[in-house]
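Geometric and topological summary
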Amino acid sequence: MYIHYHNCIFPQQTALPGGLDTLLPADGNQLKAIEPSYDGVPPGLLRRMGKAVRMGTGTALPLLKDLRPDGIIIGTANGGMEDCIRFLNQIIDYDEGMLTPGNFVQSTPNAIAGQLGLMTRNQCYNITHVHRGLSFEQALLDAAMLSMEHPHRNYLVGAVDEIADYNYNIDLLGGWYKKHPQQNKDLYEANSPGSIAGEGAVMLVVNGQPEEAVARLRAIRSWHGTNPDDARTNIEAFLQQYTDGNIPLLITGENGDNRLLPYYETCEKLLPGSAVGRFKHMSGEYPTAAGIALWLTCRLFEGEALPHHFYKKGKENTAGPVLIYNTYKGEQHSLILLSKK
Amino acid sequence: MSRILITGIGAFSAIGDNVAANRQALISGQSGIRTLSNFPSRYAGSLPCGEITRSTDELKQSSGIDDPGVTRTSLIALQALREAITDAGLTPEQLRSSDTALINASTVGGMCLTDELYHDANNDGLAGSPFLSSYDNASVTLFLGQHLRIGGIQNTINTACSSSANAILYGARLLRHGFARRVIVGGADSLAKFTINGFKALHILSANPCTPFDAGRTGLNLGEAGAYLVLEREEDCHDKKTYAHCAGYGNSNDSYHPSSISDEGEGPFLCMQRALEAAQLTAGDIDAINAHGTATENNDETESRAMIRLFGTPPPFLSTKAYTGHTLGAAGALEAVFSILQLQYQESYPALRFNEPIVSTGLIPSASYRSLPVTHIMSNSFGFGGNCSSLIFSAV
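As a convention, each chain's residues are numbered from 1 in the sequence order in which they are written. By the order in which they are written, chains take letters starting at A while ligands take numbers starting at 1. Given that this is a predicted model, residues contribute local features only at a pLDDT of at least 70 and side-chain atom pairs are listed and counted only at 80 or more, while totals for whole chains, interfaces and linings are drawn from all residues. Only heavy atoms go into the side-chain values, all of them from the structure, while hydrogens and water stay out.

**So, the overall build of chain B**
Secondary structure elements are taken from DSSP: a helix is a run of H or I of four residues or more, a strand is a run of E of two residues or more, and numbering for both begins at the N terminus. For chain B, the helix and strand inventory stands at 13 helices and 14 strands. All radius of gyration figures rest on C-alpha atoms, and the globule criterion is 2.2 Å times the number of residues raised to 0.38. For 396 residues, the compact-globule estimate of 2.2 N^0.38 gives 21 Å, and chain B sits close to it at 19 Å. C-alpha atoms of chain B, sized along the principal axes, occupy 60 × 50 × 40 Å. Counting only residues that meet the buried cut, chain B has 68% of its 396 residues in that class. When checking whether two residues touch, look at their non-hydrogen atoms; a contact exists if any pair is within 4.5 Å. If you take every contact in chain B between residues at least 6 apart in sequence, the share linking residues at least 24 apart comes to 77%. Carbon and sulfur atoms provide 48% of the accessible area of chain B, an area that totals close to 12300 Å². Residues counted as positive are Lys and Arg, residues counted as negative are Asp and Glu, and His and the chain ends are not counted. Every charge is mapped onto a representative atom, which is NZ of Lys, CZ of Arg, CG of Asp or CD of Glu. Both charge centroids of chain B, one from 26 positive and one from 37 negative side chains, sit 3 Å from each other. A simple rule labels every residue: compare its accessible area, found with a 1.4 Å probe on the protein chains alone, to the largest value its type can have, and call it buried under 20%, exposed over 50%, or partly exposed in between. Note on areas: Shrake-Rupley with a 1.4 Å probe; residue coverage comes only from the protein chains shown.

Quick look at the structure:
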């Protein structure tokens, strides 16, 4: 599968080249997306959209101006959380009294793909993968299968999740965010459990044709379970099956949570010659954050230098393959291998 | 290309604890719609629902689960899934193998715990509940995957009311592409304050047992269920018992409105048409339809229009939601199981509570239990967000 176009909304400046050089700070252990003005979306419609739907459609629509995809495939762990909690609060606060349905309809995770189908009058394949920390990876696999089934058709594939009080509080209670104030620029020095919350949307247009592609998805693998030996076995098997061992750049999902660091260090040790990059100080942690690593890889393949603060070790300076390793809470893991051609 | 065969089925709904009990209720026209009783709600004691009568504690006990964070949705799912894998004769080694995939659908997930979720989400000063990682849709899949030690790809799909139809479609494609050699596909949802109040706010819940395709229909009843199928490639089945062949599937978006279907049923028409194309069949080949048939004003009329447009005179059809209620994320898989039963036993079940056809379409669902020759059967599922899917199962 080949990636041809991409767009991203996340907590850093994405519009201009070099926009990532200046790291924008987190506020209250949350990194919130920098949303554009969403020109072209009717204001009445925009007002009714929750943030996830707004970010998802706002990231996709610029890619769909002159292009009609034959499928809309979205990965989102939670979809419209903000609407979900609004409706939940209505139920409890009004003791199941007279409720308004708007938040309920917008709270379903398929609202992003549904809204995109509606706004672009697209009646093609439309699906939403919600497998928590592997939602985006499953969307990618779906799109990869479609690209093999119909190489000449274009597909929109995306990763979207938002921070809402709902998931922030639940994951805070679960111990997944730091209890002390944490600046994102020092995220990796904290040596404590938990990360900082993030959000974002990445949209890609893909097909089965290599001509003028930005990147090629060479392989993807996912697995479940907290056993570090499983991680090692899976990474080793993946490297053996799909690479010749030469991976100039490894991007990991390191997120400042010292409980997860051993997984990433395992991967780094298996690739001692690779430069290592990290991105969650830019995006924060969220279930579909691997989409950001993929988007950064596309920018790199297009010739843009990634900022100094991205690199943990060394610096990538060739056009060789890029491996992304991400784990969500140590329970869900994925490897994504990309190359320029 | 090798055919995709169904080698195991499991179902747990308001009309039965297992597939055989579900079939018996369908044959005898026994509805499972009764007054809500299993959890506190302002609608307990009054709202008709397709409720599984066993309490969550009873389900925990019968499943041998003592994990405090497990939800009703997961327990319902586990029972149906165990039936399907036992039926298919999958061994623990096969489940653990990296070529066994689990594709699950849910729209409620752990939100059946609406009150617990309220406290945790608002972080109202109480300590977190045991359910902090149990609320999302994926929690059901992750529970099943961990409990049964599924070794291959796991995924969760939410396309609202067509979720588990898409889980089946996705699983079949994984097999075709060689990403798995056997897939367990299906879905589960339980009744929840969240969905009851959501559908109530949309004014599409009926105060009475629902009457699909009837002119006087007044809306849907919600239900809860779990249903799973095991799919395997024909080349791997050898002399295994097989039920049917997953012949075709179609997915479309109605792209009309977030919570209702276009007047002419464009999305429903397209997904049925695409399923026929994928199965390389024509409309005349379809012998029976398990309709989406929620009994809302909008669905039954638009689905009827789409069926008339595609089939002219549609083959015998009914909506089994009059028996089970609308089981949301489980509906596609549950109705796939019912379709497979129709195929296996060459029979048709009685549509319940139907009196008069819708004036503009005049369609009359199957009236009584009878034998019916079925070679190809279609099952429809349409959801919010315009997500429409149709599946075709054929005799092996």
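There's plenty left to go through after this.
**Quick look at the packing of aromatic side chains**
Only rings of Phe, Tyr and Trp enter the pairing, Trp through its six-membered ring, and a pair is recorded when the two centres are within 6.5 Å. The plane angle decides the type: under 30 degrees is stacked, over 60 is edge-to-face, the rest tilted. Using the criterion set out here, one finds 14 aromatic pairs over all chains in the structure. By the ring-pair criterion, three or more aromatic residues cluster together here, those being Phe87(A), Phe104(A), Phe194(B), Phe199(B) and Phe384(B). One Lys or Arg, Arg278(A), reaches over the ring of Tyr188(A) and ends 3.8 Å from the middle of that ring. Across the ring face of Phe269(B), the terminal group of Arg309(B) is positioned such that the distance to the ring centre comes to 3.7 Å. Think of it as a cone above the ring: NZ of Lys or CZ of Arg counts as a charge over the ring if it is within 6 Å of the ring centre and within 35 degrees of the ring normal.

**Observations concerning the environment of Asp136(B)**
With respect to the helices and strands, Asp136(B) occurs in the loop between α5 (114–121) and α6 (138–147). For Asp136(B), a relative accessible area of 15% translates into the label buried. A sequence separation of 29 residues divides Asp136(B) from Thr107(B), and the C-alpha atoms of the two residues are 8.7 Å apart. Ignoring any residue separated from it by four or fewer positions in sequence, one finds Asp136(B) in contact with Asn78(A), Arg132(A), Gly109(B) and Gly110(B). Within the structure, Asp136(B) has its side chain in polar contact with the side chain of Arg132(A) (distance 2.7 Å). Here a polar contact is recorded for every N or O atom pair within 3.5 Å, except that within protein the pair must consist of a potential hydrogen donor and a potential acceptor, and residues adjacent in sequence are included only if both atoms are side-chain atoms.

**Overview of the environment of His129(A)**
Tracing the sequence through the fold places His129(A) in strand β3 (residues 125–129). In this structure the C-alpha to C-alpha distance between His129(A) and Thr327(A), which are 198 residues apart in sequence, comes to 17 Å. Not counting the four nearest positions on each side in its chain, His129(A) is found in contact with Ile73(A), Ile74(A), Gly75(A), Thr76(A), Ser135(A), Gln138(A), Ala139(A), Asp142(A), Asn155(B), Thr156(B), Ile157(B) and Tyr170(B).

**Quick look at the domain arrangement of chain A**
Residues and elements named next belong to chain A. In terms of domain boundaries, chain A breaks down into domain 1 (2–207) and domain 2 (215–339). Each domain's limits were defined by an automated method or a database of domain assignments. For domain 1 versus domain 2, the separation of C-alpha centres amounts to 21 Å. When two parts are brought into contact, each loses some accessible area as probed by a 1.4 Å sphere; the total of that loss over both is the buried area. Buried area between domain 1 and domain 2, summed over both chains or domains, comes out near 4100 Å², and the portion from carbon and sulfur atoms is 62%. Among the residues of domain 1 in contact with domain 2, Leu20, Trp176 and Tyr188 are the three that bury the most area, contributing 18% of the side total. For this document, the term salt bridge refers to a Lys or Arg side-chain nitrogen within 4 Å of an Asp or Glu carboxyl oxygen. Summed over the shared surface of domain 1 and domain 2, the number is 2 salt bridges.

**Focus: helix α1 (residues 19–27) of chain B**
Note that an α-helix has 3.6 residues per turn; residues three or four places apart therefore point the same way. Residue and element names in this part refer to chain B. Within the span of α1, buried status applies to Val19, Asn22, Arg23, Ala25, Leu26 and Ile27. Capping of α1 at its N-terminal end is provided by asparagine 18; its side-chain oxygen lies 3.3 Å from the backbone amide nitrogen of alanine 20. Just downstream of α1, glycine 29 is the residue with a positive phi angle, here 65°.

**With respect to empty space enclosed by the protein**
Here a cavity means grid points, on a 1 Å grid over the protein atoms only, where a 1.4 Å probe fits yet cannot get out; a pocket means an open set of points with protein on both sides within 12 Å along at least five of seven lines; lining residues are those with an atom within 4 Å of a point. Grid points are joined across faces, edges and corners, and a volume is the space filled by probe spheres set on the points. The final tally for this structure, using the stated rule, is 3 cavities of 30 Å³ or more. In this model, the largest cavity occupies a volume close to 530 Å³. Elements with a minimum of two residues in the lining of the largest cavity: α3 (81–93), α4 (102–107) and α7 (165–173) of chain A together with α8 (193–201) of chain B. Considering every element that reaches the lining of the largest cavity, the biggest residue donor is α7(A), with 4 residues.

**As for the pairing of β3(A)**
Residue and element names in this part refer to chain A. Burial within β3 is extensive, with 5 of its 5 residues counted as buried. Alternating positions in β3 separate into two faces, Tyr125, Ile127 and His129 on one and Asn126 and Thr128 on the other, with burial throughout. Strand pairing requires that DSSP identify at least two bridges connecting the strands. With 5 bridges joining them, strand β2 (residues 71–75) and β3 adopt parallel strand pairing. When the sheet's bridge partners are listed, glycine 71 is paired in β3 with tyrosine 125.

**Observations concerning the layout of surface pockets**
Computed from the structure, the largest pocket encloses a volume of approximately 1400 Å³. Lining the largest pocket are 50 residues, with Trp223(A), His224(A), Gly225(A), Glu331(A) and Gln154(B) positioned closest to its centre. Those elements that provide at least two residues to the lining of the largest pocket are α6 (135–149), α7, β6 (215–224) and α8 (228–242) of chain A together with α6 of chain B. Looking at the lining of the largest pocket residue by residue, the class counts come to 15 nonpolar, 24 polar and 11 charged. Volume-wise, the second largest pocket comes out at about 850 Å³. Forming the walls of the second largest pocket are 29 residues, and the residues nearest its centre are Glu149(A), His150(A), Tyr249(B), Arg274(B) and Ala278(B). At the level of elements, α6 of chain A together with α7 (163–176), β8 (244–253) and α10 (266–279) of chain B are the ones that each hand at least two residues to the lining of the second largest pocket. Here the lining of the second largest pocket is built from residues that sort into 11 nonpolar, 10 polar and 8 charged. Each residue receives one of three labels: charged for Asp, Glu, Lys and Arg, nonpolar for Ala, Val, Leu, Ile, Met, Phe, Trp, Tyr, Cys and Pro, and polar for the others, Gly being one of them.

**Quick word on unusual backbone geometry**
Here Lys329(A), not a glycine, exhibits a phi torsion of approximately 60°, which is positive. With respect to the secondary-structure elements, Lys329(A) resides in the loop between β10 (322–328) and β11 (332–339). Backbone geometry at Gln346(B) places phi at a positive 50°, although glycine is not the residue there. Take Gln346(B): it is sitting in the loop between α13 (331–345) and β11 (347–348). In this structure Gln346(B) comes out as partly exposed when scored by relative accessible area, which is 30%.

**Let's talk about α13(B)**
All names here are of chain B. Here the expected span of a helix is defined as 1.5 Å times the quantity of residues minus one. With 15 residues, α13 extends 21 Å between its outermost C-alpha atoms, agreeing within 8% with the 21 Å of an ideal straight helix rising 1.5 Å per residue. Taken across its 15 residues, α13 has 13 buried, putting it largely inside the fold. Of the residues trailing α13, glutamine 346 is marked for its positive phi of about 50°.

**Considerations on the nonpolar core**
Formed by 104 residues in total, the largest nonpolar core has its most connected members in Leu294(A), Ile6(B), Leu229(B) and Phe393(B). The element contributing the most residues to this core is helix α11 (residues 290–301) of chain A, with 9 residues. Once residues lying within four places of it in the same chain are set aside, the contact partners of Ile6(B) are Leu229(B), Val230(B), Leu231(B), Lys241(B), Thr242(B), Tyr243(B), Ala244(B), His245(B), Cys246(B), Ile340(B) and Phe393(B). Core analysis: the second largest hydrophobic core is formed by 41 residues, Cys84(A), Leu47(B), Cys112(B) and Ile196(B) among them. Joining through side-chain atoms within 4.5 Å is the link that ties buried Ala, Val, Leu, Ile, Met, Phe, Trp, Tyr and Cys residues into a set, and such a set is a nonpolar core.

**With respect to the interface of chain B and chain A**
Taken together, the contacts link 61 residues of chain B with 52 residues of chain A. Both faces combined, the contact of chain B with chain A buries some 5000 Å², and carbon together with sulfur accounts for 60% of it. Linking chain B to chain A there are 3 salt bridges. On inspection of chain B and its partner chain A, the count reaches 29 residue pairs in polar contact (both at pLDDT 80 or more). For the side of chain B that touches chain A, the secondary structure elements donating two or more residues are α5, α6, β5 (154–157), α7, α8, β8 and α10 of chain B. The element that contributes the greatest number of residues to the side of chain B that touches chain A is α8(B), accounting for 7 residues. Class assignment for the residues of the side of chain B that touches chain A results in 25 nonpolar, 27 polar and 9 charged.

**Some remarks on the packing of α10(B) against helix α11 (residues 297–311) of chain B**
Residue and element names in this part refer to chain B. Across the interface, α10 lies against α11 with an axial gap of 8 Å and an inter-helix angle of 40°. Relative to α11, the element α10 lies oblique. Read as a crossing pair, α10 and α11 show a hand that is right-handed. Contacts between α10 and α11 involve Glu266, Pro268, Phe269, Met272, Gln273 and Leu276 from the first element and Ala306, Met307, Arg309, Leu310 and Phe311 from the second. Each residue belonging to the contact of α10 with α11 can be placed in one class, and the counts come to 8 nonpolar, 1 polar and 2 charged. Axes here mean lines fitted to C-alpha atoms, for a helix over just the part in contact, with angles spanning 0 to 180 degrees between N-to-C directions. Roughly parallel here means an angle under 35 degrees, roughly antiparallel means over 145, roughly perpendicular means 65 to 115, and every remaining angle is called oblique. If you view the pair so one helix is near and one far, a crossing is left-handed when the near helix is turned anticlockwise from the far one by less than a right angle, and right-handed when it is turned clockwise.

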